Amino acid sequence: QELRPKSLDIRQEELGDMVEKEMASTSEAIEDAVRRIEEMMSQARNKSSGVKLEVNERILNSCTDLMKAIRLLVMTSTNLQKEIVESGRGAATTQEFYAKNSRWTEGLISASKAVGWGATQLVESADRVVLHTGKYEELIVCSHEIAASTAQLVAASKVKAEKSSRNLSRLQECSRNVNEMAANVVASTKSGQEQIEEKDTMDFSGMSLIKLKKEEMETQVKVLELEKRLEGERVRLGELRKQHYALAGAYDAVEDGEAKPAPAPRRGILKKPPLAQKP
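Residues numbered from 1 in each chain as written. Predicted model: local features only at pLDDT ≥ 70, side-chain atom pairs only at ≥ 80, totals over all residues. Heavy atoms only, no water.

Enquirer: Explain the state of the cysteines to me, and be specific about the residues and the numbers.
Expert: The final tally for this structure, using the stated rule, is zero disulfides. Here cysteine 63 is not cross-linked by a disulfide; its sulfur's nearest cysteine counterpart is in cysteine 142, at 9.3 Å. By relative accessible area, which is 0% here, cysteine 63 ends up buried. (Disulfide = S-S within 2.5 Å. Buried < 20%, exposed > 50% of the residue type's maximum accessible area, 1.4 Å probe, protein only.)

The following block contains the structure:
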């Protein structure tokens, strides 16, 4: 699904209808995600047992909790948007209000698309993990992405909201709950990975001094190769994010018809690990 808002290609008077359609589409995507997870749970109980079943149930339960939290957030965001339109449109129609505030509207559309897409990706990753055809890391990344996309929806929704709005308070509470549920998915995935994957034992007691030195040098070479590759992937990730922000047109604030670009991703998560010590 294309995440770039299509509002750039349509008439402004159609923006209002598009917002409603995108929010409805997002709700449908989340409902479909919940149903698919329930089906996966049933299949897992029929096809797995023991530790595998325990891990699969824990991961799928955490994904279900996350989807339910997102569903409530989307509903609350929709209510807040209706409140904003009703209080701000005056004598204008809903469509005219959205057209007049086109930047804000485009932010809502982009954020809503991202949430629906994230829900779909999370379910597909969970399906592959349960079937042992995917990577646990994919599910972790999807959890982070869906938390980020819901944060974008919250930011876009509350731009024009009154600070005293009850719906705004509910939306912020829903956002905190989504973050907590996303963290639970990450935690259950990591613990499941530790239970399932066999750990290689590193017993070097039978090696001679020469063999140990050779193994040590070969390992240092691998470490340097991986660090170089990791640094390249960090640069690539940064460029991808820059392009994503440029195309999506994400904004964290819209005032007087002007939009402020969303801040660049924090670089803390891209901290380079320490180099391997030389012999």
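That shown, we press on.
Enquirer: Can you break down the packing of helix H2 (residues 50–88) against helix H4 (residues 102–130) residue by residue, with the values?
Expert: Their axes nearest at 11 Å, the elements H2 and H4 cross at an angle of 170°. Accordingly, the angle class assigned to the pair H2 and H4 is roughly antiparallel. Residue-level inspection shows Asn56, Ile59, Leu60, Cys63, Leu66, Met67, Ile70, Val74, Gln81 and Ile84 of H2 in contact with H4, the latter providing Trp104, Leu108, Val115, Ala119, Leu122, Ala126, Val129 and Val130. The residue inventory of the contact of H2 with H4, partitioned by class, reads 16 nonpolar, two polar and no charged. (Axes fitted to C-alpha atoms, helices over the stretch in contact; angles between N-to-C directions. Helix = DSSP H or I, 4+ residues; strand = E, 2+ residues; numbered from the N terminus. Parallel < 35°, antiparallel > 145°, perpendicular 65-115°, else oblique. Contact = heavy atoms within 4.5 Å. Nonpolar A, V, L, I, M, F, W, Y, C, P; charged D, E, K, R; others polar.)

Enquirer: Help me get a handle on the nonpolar core, residues and values and all.
Expert: Counting 53 residues, the largest nonpolar core has Leu66, Met67, Ile70 and Leu139 as the members making the most contacts within it. If you list the elements that add at least two residues to this core, you get helix H1 (15–47), H2, helix H3 (94–100), H4, helix H5 (136–158) and helix H6 (166–196). The dominant element in this core, judged by the number of residues it contributes, is H2, at 13 residues. (Core = buried A, V, L, I, M, F, W, Y, C linked by side-chain atoms within 4.5 Å.)

Enquirer: Any details on the packing of H4 against H5? Residues and values, ideally.
Expert: The geometry of H4 relative to H5 is characterised by a closest axis approach of 8 Å and an angle of 160° between their N-to-C directions. In terms of orientation, H4 and H5 fall into the roughly antiparallel class. Our pair here, H4 against H5, has a crossing hand that is left-handed. (Left-handed = near helix turned anticlockwise from the far one by under 90°.)

Enquirer: So, the packing of aromatic side chains: which residues are in play, and what are the values?
Expert: Following the criterion strictly, the structure yields three aromatic pairs and no others. With 6.3 Å between their ring centres and 70° between their planes, phenylalanine 97 and tyrosine 98 make a pair best called edge-to-face. There is no split in this pair, since phenylalanine 97 and tyrosine 98 are both buried. Residue class for tyrosine 98 comes out buried when judged on its relative accessible area of 4%. Connected via pairs of aromatic rings, a cluster forms that spans Phe97, Tyr98 and Trp104. (Phe/Tyr/Trp six-rings, centres within 6.5 Å; stacked < 30°, edge-to-face > 60°.)

Enquirer: Go over the pattern of salt bridges with me, naming the residues and quoting the values.
Expert: In total, this model carries 11 salt bridges according to the counting rule given. As a salt-bridge pair, arginine 71 and glutamate 31 come within 3.1 Å of each other at their nearest N and O atoms. Of this pair, arginine 71 sits in helix H2 while glutamate 31 sits in helix H1, placing them 40 residues apart in sequence. Note on glutamate 31: relative accessible area 29%, which makes it partly exposed. (Salt bridge = Lys/Arg side-chain N within 4 Å of Asp/Glu carboxyl O.)

Enquirer: How would you summarise the side chain of serine 48 if you had to cite specific residues and measurements?
Expert: Topologically, serine 48 is positioned in the loop between H1 and H2. A relative accessible area of 17% means that serine 48 is categorised as buried. Looking at serine 48, its side chain comes within polar contact range of the main-chain oxygen of alanine 44, at 2.4 Å. (Polar contact = N/O pair within 3.5 Å; in protein donor to acceptor, adjacent residues only side chain to side chain.)

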